[in-house]
Amino acid sequence: MYFKNTKNGYIERSRYPWLWCLLFGPLYLLHKGAVAWTLIYLIAAAATFSLSIYIFPFFAHKIVRNAYLKQGWVEVDDDQ
């Protein structure tokens, strides 16, 4: 996934969000700007005795994509 900042033209690449979410969990989501999902991740992990940490990586791609779009970034093709 590639996202372009509309204010300064910076292009951010986000590859393998499922892997980074599995390895770093809520820190990765917080780094990408998904603060609400970070809190949901922590609450779900506490409520399910950490079982949910193996479920969240399946949704990491969509969570990261939506976080960038809500911050005003636009998704671009990888050839730009």
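If you're wondering where the values come from, they're calculated on a predicted model, not measured in any experiment.

About the thresholds
All residue numbers refer to positions counted from 1 along the written sequence of the respective chain. Local features in a predicted model are, by the rule used here, given only for residues with pLDDT of at least 70; side-chain atom pairs are given and counted only at 80 or more, and totals for whole chains, interfaces and linings are based on all residues. Hydrogens are left out, water is left out, and the side-chain values use all remaining heavy atoms of the structure. Starting at the N terminus, helices and strands are each numbered in turn, a helix being any DSSP run of H or I of at least four residues and a strand any DSSP run of E of at least two. We call a residue buried when its accessible area falls under 20% of the maximum for its residue type, exposed when it is over 50%, and partly exposed in between, using a 1.4 Å probe and counting protein chains only. Charge counting treats Lys and Arg as positive and Asp and Glu as negative, with His and both chain ends excluded. For charged residues, the charge sits on one atom: NZ in Lys, CZ in Arg, CG in Asp, CD in Glu. Pairs of strands are assigned from DSSP output, requiring at least two bridges between the strands. To obtain each axis, a line is fitted to C-alpha atoms, and for helices this fit is confined to the stretch in contact; angles are then taken between N-to-C directions over 0 to 180 degrees. Only heavy atoms matter for contacts: two residues are in contact if any of them lie within 4.5 Å across the pair. Arc definition: directions from the helix axis to the C-beta atoms. For this analysis, a polar contact is any N or O atom pair within 3.5 Å, provided that within protein one partner can donate a hydrogen and the other can accept it, and provided that sequence-adjacent residues contribute only side-chain to side-chain pairs.

Scanning the protein from N- to C-terminus turns up four helices and three strands. Of the regular secondary structure in the protein, the N- to C-terminal order runs β-β-α-α-α-α-β. Considered along the principal axes of its C-alpha atoms, the protein spans approximately 40 × 20 × 15 Å. Each of the 80 residues in the protein was classed as buried or not, and the buried ones make up 32%. Across the protein, the mean location of the 8 positive side-chain charges is 9 Å away from that of the 5 negative side-chain charges.

With that out of the way, let us pick up the sheet that holds strand E2 (residues 11-13). If you walk across this open sheet you meet the three strands as E2-E1-E3, and the pairing is antiparallel. With one partner strand each, in any of the chains shown, E2 and strand E3 (73-76) form the two edges of the open sheet. On average, adjacent strands in this sheet sit at an angle of 35 degrees to one another, irrespective of strand direction. Of the pairings in the sheet, the one linking strand E1 (residues 2-5) to E3 comprises four bridges and is antiparallel in character. From the neighbouring strand, Phe3 faces E3, where its bridge partner is Glu75. Sheet strands touched by helix H4 (residues 60-70): E1, E2 and E3. Its angle to E3, the strand with the most contacts, is close to 130 degrees.

Among the residues making up H4, those that are buried are Ala60, Ile63, Val64, Ala67 and Tyr68. Summarising the axial view, the buried residues of H4 lie within an arc of 130 degrees, below the 170-degree limit, and thus occupy one face. Turned more than 90 degrees away from the buried face of H4, the exposed residues are Lys62 and Lys70. Summarising the contacts, the buried residues of H4 are in contact with E1, E2, helix H1 (17-24), helix H2 (26-31), helix H3 (35-47) and E3. Directly beyond the C-terminal end of H4, a positive phi value near 100 degrees is found at Gly72.

This brings us to the environment of Thr38. Note on placement: Thr38 falls in helix H3. Separated by 13 residues in sequence, Thr38 and Gly25 have C-alpha atoms that sit 8.4 Å apart. Polar contacts involving the side chain of Thr38 include one to the main-chain amide nitrogen of Leu30, which spans 3.2 Å. From its side chain, Thr38 meets the backbone oxygen of Ala34 in a polar contact 2.8 Å long.

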